[in-house]
Amino acid sequence: MTAAPGAAERLRHLQAQLPPPARLLAVSKGQDAEAMRTLVGLGQRSFGESRLQEAALKQEALADLEPLDWHFIGHLQANKVRPVLQRFGTLHSMDSLALAQRTARIAAEEGLAPQVLLQVKLRDDPSKGGFSREGLLEAWPQLQGLAPLRITGLMTMAPLGLAADQRERLFRDCAALAMDLGLQELSMGMSGDWPEAARAGSTWVRIGSALFGSRT
Ligand SMILES: *Cc1c(COP(=O)(O)O)cnc(C)c1O
């Protein structure tokens, strides 16, 4: 399968609508390497993947291209930290102090300085992980000391069932928290809610199906 017809138009359309400083992270999970290659040909370089194994296969398949900008957006399991660090420059889903400490130790061993976004959960949502606001503020002094991690931002997801104005309020709360902590990057917004996230100051919208078409 190659990129569904229309991928080029969807990419141009999204790019035209995104207000700076929002950038497009193309979420390629469930898509094949050829669909990604099409987007690279159109200038897209940043890709988000949530499964290590699947991403590794596509990285091999695209190894002939100029190096791409790979972001890990899935739940990071403790036993996968090393291979994830070896394959991804940016991690969007750091969701606990213990995991961040482990990641810092392994990054130091590997001689890597990954960019890290802390996943926060600012509304009740049993289906998702992430720091609560209080939990993050409590862990913050220790998180700041975790060289060689470069903690640059926050990532969040809206629970299902929120209305658009409630989602926008949630994204604005996340932006305010990032500003309080002096963090620049905001990974917020997916296919169904990126306009609200972009209005709230998102710097990375993570878009899969609205770009590639539905996943297989
Ligand atoms: C799958 C996924 C996305 C993209 O979802 P779409 O609705 O297809 O845009 C974004 N962020 C995360 C964390 C995901 O797992």
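This one's a predicted model, so the numbers in the text were calculated from it and none came from an experiment.

### Quick word on the packing of aromatic side chains
Next, step 1: Going through the model one piece at a time under the given rule, you end up with two aromatic pairs.
Next, step 2: On the numbers, 6.2 Å between centres and 40 degrees between planes, the contact of phenylalanine 47 with tryptophan 70 is tilted. Of this pair, phenylalanine 47 sits in strand β2 (residues 46–49) while tryptophan 70 sits in strand β3 (residues 69–72); the two residues are 23 residues apart in sequence, bridging distant segments of the chain.
Next, step 3: Owing to a relative accessible area of 0%, phenylalanine 47 belongs among the buried residues under this scheme.
Next, step 4: On the basis of relative accessibility, which here comes to 9%, the residue tryptophan 70 falls in the buried class.
Next, step 5: Relative to phenylalanine 88, the ring of phenylalanine 72 has its centre 5.2 Å away and its plane inclined at 75 degrees; by these criteria the two rings are edge-to-face. A residue pair is termed long-range when its members are at least 10 positions apart, and phenylalanine 72 in strand β3 and phenylalanine 88 in the loop between α4 (81–87) and β4 (90–94) qualify at 16 residues. The pair formed by phenylalanine 72 and phenylalanine 88 is uniform in burial state, with each residue classed as buried.
Next, step 6: Over the aromatic face of tryptophan 204 sits the side chain of arginine 23, whose NZ or CZ is 4.1 Å from the ring centroid.

### Structural notes on the packing of helix α5 (residues 97–110) against helix α6 (residues 133–144)
Next, step 1: Across the interface, α5 lies against α6 with an axial gap of 10 Å and an inter-helix angle of 5 degrees. What the angle tells us is that α5 and α6 run roughly parallel. Together, Leu97, Ala100 and Gln101 of α5 and Ala139, Gln142 and Leu143 of α6 make up the contact between the two elements.
Next, step 2: In the contact of α5 with α6, the residues fall into four nonpolar, two polar and no charged.

Reading the values: rules and limits
- Residues numbered from 1 in each chain as written.
- Predicted model: local features only at pLDDT ≥ 70, side-chain atom pairs only at ≥ 80, totals over all residues.
- Heavy atoms only, no water.
- Phe/Tyr/Trp six-rings, centres within 6.5 Å; stacked < 30°, edge-to-face > 60°.
- Helix = DSSP H or I, 4+ residues; strand = E, 2+ residues; numbered from the N terminus.
- Buried < 20%, exposed > 50% of the residue type's maximum accessible area, 1.4 Å probe, protein only.
- Lys NZ or Arg CZ within 6 Å of the ring centre and 35° of its normal.
- Axes fitted to C-alpha atoms, helices over the stretch in contact; angles between N-to-C directions.
- Parallel < 35°, antiparallel > 145°, perpendicular 65-115°, else oblique.
- Contact = heavy atoms within 4.5 Å.
- Nonpolar A, V, L, I, M, F, W, Y, C, P; charged D, E, K, R; others polar.

Function-wise, these values are silent; they only describe arrangement.
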